[in-house]
Amino acid sequence: MYMMDTPLTITHILRRARNFFPNNEIVSRLADGIFRYTYKDMYERTLRLASVMSEFGVSRGDKVATLAWNDHRHLEAYFAMPVMGAIVHTVNMRLSPEHIIYILNHAEDKVLLFDESLLPIVEGVHEHLKTVKVFVMMTNKSSADLPQTSVKPLYAYEELLAGADPNFPLPDDLSENDPCGMCYTSATTGNPKGVIYTHRALFLHSMASGLADSLALSESDVVLPFVPMFHVNAWGIPYSCTMYGSKQVLPGPVPTPQTLLELYEQEKVTVSAGVPTIWLGMLQILDQFPGKYDTSSIRGLISGGAAAPRGMIKAFKERHNLTILHAYGMTETTPLALASRLKPHLEKKLTDDEKLDYAATQGLLVPGLEMKIVNEQGEVPWDGKTMGELWFRGPWIAGEYYKDERTKGTFVDGWLHTGDVATINEEGYVRIVDRTKDLVKSGGEWISSVDLENALMAHPAVLEAAVIGVPHPKWQERPLAFVVIKEAQKGKITKEEILEFITPQFAKWWIPDDVLFIDSIPKTTVGKFLKRSLREDYQNLYN
Ligand code: ADP
């Protein structure tokens, strides 16, 4: 043995936080106010939770589901299951009851931990759950004060913890390849697909998130994940922050851009993370109330999950001196795979406009991963133009979907086929052109719906824009644009003006045939544009 082979585990991350950062803070916004504690307290309560789970019969490899917002109790569940050798399965509360039932049964969860405010969801599904034997409500209330409900057997979280062992002995024989987390992709088509995360994957992902040239998370940071803890482990932030001892600010139930802005100011947040729609909403508020919120502590707003529009990145920088850190990933990539950071030689030589072009790319491959962009001719040249499908492999890339036939189509010969179409330029910067299924195919050529959307969203009157391909008898498909106009500009702008604005940027045949003004773009459960529903509604427009 040339080097020691010690396991990379979540237990290591938790112990490190207790040993080195016992007094660093975790702030949790609850329905009834702000709760604060430290990593030392969090460590002790996590062990208590593990001890409770063990008494409920949860053992190695068993799954425990959570249905919860971003708060300190959810954070405890994030660690308690992994450190005892079990699996924490975070469930997306916004899925349909049918999908929630499917997921809980498919994963064979033994226990369900849920927030008090989500009781109605649990009441709607519990009779159909085949394997869940115990329900725990995450609340301050004691069991005597729990609401009347058909959900049984039901326990009160704080009461269970108060009676539990704070010195619960953690197993020291966990393997880094043991499973410890689980998340299903939000189902845009068919049933959701499950991904199981291992200790090693989450550990290495946490290290990658701390690299200076990726997200550079560190102890100096105060991190607020808007991205829900049921969406790819809040992009790994709770694990990375605990590894580094960063202060965590968990925004609790139903957070809005206002909630975030208030917390930024009160808690001196340095990094926050979410999908572009939340940033578009925040931009509107910042523009509307200049100077109302102090955002000077922020060093970066991580934007991922969908393309960050160039116009949005520009507006944040120019009008509010805020930097968008554009990153790319998916449930299957844990998720961080690409991060946009400017190389120093580009920093020196590019104009501000060119720098913005780079900031709008999804960026460079994170160290540790491998990537290919492939089309019918093989790997595409690094010319920034030729399109191909993006593939990944690496220690935090899933190897399969959990007990799912669809593994075959996505994981091929050791590579994850993302279903995203991308280009790569001579410097190695990847630009996601579109999801394969969202590309518009017109007259045998491809049109990027993402490029059109970004151009539309750069118009000062436009809040949100989505472009879909609509079946067309002559051209196969034609792009159709949906635009949401900002409140203050409603009724003052025509579709011709919008189209004129984008016309200089594209070949003529790229320009959408029509622009429809709507009140809001339908969104997926994690806040991305839900183009499937627009496609369904407008598929017969030209036929
Ligand atoms: P779902 O597929 O259900 O939306 P994921 O959150 O796993 O769930 O989505 C991953 C997908 O999101 C990627 O395959 C890609 O299409 C898109 N995506 C993620 N980050 C970006 C980004 N920065 N730019 C463009 N697309 C992105």
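As the structure is a computational prediction, the values presented were derived from the model and not from experiment. Counting restarts for each chain, with residues numbered from 1 along the sequence as it is written. Local features in this predicted model are restricted to residues whose pLDDT is 70 or higher, and side-chain atom pairs enter the listing and the counts only when it is 80 or higher, whereas totals over whole chains, interfaces and linings include all residues. To get the side-chain values, all heavy atoms of the structure are used, and hydrogens and water are removed first.

1. Points about the sheet that holds strand β11 (residues 247–250)
Pairing in this open sheet of nine strands is mixed, and the strands run β2-β1-β11-β10-β12-β13-β14-β15-β16 from one edge to the other. Only two strands of the sheet have a single neighbouring strand rather than two, namely β2 (33–38) and β16 (364–365). Bridging between strand β1 (residues 25–30) and β11 involves three bridges; their strand directions are parallel. Bridge assignment links Ser28 to a residue of β11, and that residue is Leu250. At least two bridges found by DSSP between two strands are what make those strands a pair. For the purposes of this entry, the term helix denotes a DSSP run of H or I that reaches at least four residues, the term strand denotes a run of E that reaches at least two, and both are numbered from the N terminus.

2. Structural notes on helix α9 (residues 237–244)
The buried label applies to any residue whose accessible area, calculated with a 1.4 Å probe on protein chains only, is under 20% of its type's maximum; exposed applies above 50%, and partly exposed to all values in between. Summarising burial for α9: eight of the eight residues are buried, a large majority. All of the buried residues in α9 are Ile237, Pro238, Tyr239, Ser240, Cys241, Thr242, Met243 and Tyr244. In the stretch just after α9, Gly245 is the one whose phi turns positive, near 75°.

3. A look at the pairing of strand β12 (residues 271–274)
Where burial is concerned, the two faces of β12 agree: the one with Val271 and Ala273 and the one with Ser272 and Gly274 are both buried. Sheet topology note: the strand β10 (residues 222–225)/β12 ladder contains three bridges and is parallel. When the bridges of β12 are listed, Leu224 appears paired with Ser272. Note: β12 against strand β13 (residues 300–303), four bridges, orientation parallel.

4. A look at the pattern of salt bridges
Should a side-chain nitrogen of Lys or Arg be within 4 Å of a carboxyl oxygen of Asp or Glu, the pair is scored as a salt bridge. Summed over all chains, the structure comprises 31 salt bridges. Residue Arg431 pairs with Asp451 through a salt bridge whose shortest N-O separation is 2.9 Å. Taken as a pair, Arg431 in strand β22 (residues 430–435) and Asp451 in helix α16 (residues 449–457) lie far apart in primary sequence, 20 residues in all. On the basis of relative accessible area, Arg431 is assigned to the partly exposed category, the value being 28%. Salt-bridge contacts for Glu487 lead to Lys490; the nearest nitrogen and oxygen are separated by 3.2 Å. Connected via shared salt-bridge partners are Glu25, Arg36, Lys247 and Glu267.

5. Side note on the domain arrangement of the chain
Once the domains are mapped, the chain shows domain 1 (36–196), domain 2 (256–435) and domain 3 (440–538). Relative placement of domain 2 and domain 3: their C-alpha centres are 21 Å apart. We call two residues in contact when some of their heavy atoms are within 4.5 Å. Facing 17 residues of domain 2, the contacting portion of domain 3 comprises 18 residues. Counting the surface lost from both domain 2 and domain 3, the interface buries some 1,300 Å², and carbon and sulfur atoms represent 58% of this. Where domain 2 packs against domain 3, one counts one salt bridge. Where each domain begins and ends is defined by an automated method or by a domain database. When two parts are put together, the accessible area they lose, computed with a 1.4 Å probe and summed over both, is reported as buried area.

6. Remarks on the site of the ligand
Neighbouring the ligand are 15 residues; Ser186, Ala327, Thr331, Asp420 and Arg435 lie closest to it. Polar contact criterion, stated in full: a pair of N or O atoms within 3.5 Å, where within protein one must be able to donate a hydrogen and the other to accept it, and residues adjacent in sequence count only if both atoms are side-chain atoms. Arg435 has a polar side-chain atom sitting 2.8 Å from an oxygen atom of the ligand. Taken by itself the ligand offers 570 Å² of open surface, and the protein chains cover 93% of this. It is strand β14 (residues 324–329) that contributes the most residues to the shell around the ligand, four residues altogether. Near, as used in this document, describes a residue that has one of its heavy atoms within 4 Å of the molecule or strand being considered. All accessible areas in this document rest on Shrake-Rupley with a 1.4 Å probe, and a residue is counted as covered only by the protein chains that are shown.

7. Brief notes about the packing of helix α7 (residues 199–210) against α9
Lines fitted to the C-alpha atoms define the axes, with helices restricted to the stretch that makes contact. Angles between their N-to-C directions range from 0 to 180 degrees. Contact pair α7 / α9: the axes reach a minimum separation of 9 Å and the direction vectors enclose 70°. With respect to each other, α7 and α9 are oriented roughly perpendicular. The segment α7 lies against α9, with Leu202, Phe203, Ser206, Met207, Ser209 and Gly210 engaging Tyr239, Ser240, Met243 and Tyr244. In what follows, roughly perpendicular refers to angles from 65 to 115 degrees, roughly parallel to angles under 35, roughly antiparallel to angles over 145, and oblique to any angle outside these ranges.

8. Comments concerning the side chain of Glu464
Of note, Glu464 is situated in strand β25 (residues 462–472). Judged by its relative accessible area of 8%, Glu464 is buried. Looking at Glu464, its side chain comes within polar contact range of the side chain of Lys523, at 3.2 Å. If near-sequence neighbours (up to four positions away) are discounted, Glu464 is found in contact with Thr277, Leu280, Met457, Phe482, Val483, Val484, Ile521, Lys523 and Phe529.

9. Examining the pairing of β14
Across the six residues that make up β14, a large majority, five, are buried. With three bridges connecting them, β13 and β14 associate as parallel partners. Directly across from Leu301, in β14, lies its bridge partner Ile324. Crossover connection from β13 via helix α12 (residues 310–320) to parallel β14: handedness right-handed. When β14 meets strand β15 (residues 336–339), the two strands line up antiparallel, connected through three bridges. Within the sheet, the bridge partner assigned to Ala327 lies in β15 and is Ala339. Between β14 and the antiparallel strand that follows it, β15, lie six residues; Thr334 among them carries a positive phi value of about 75°. Crossovers are described as right-handed under a simple rule: with the strands pointing away from the observer, the path leading from the first strand over the helix to the second runs clockwise.

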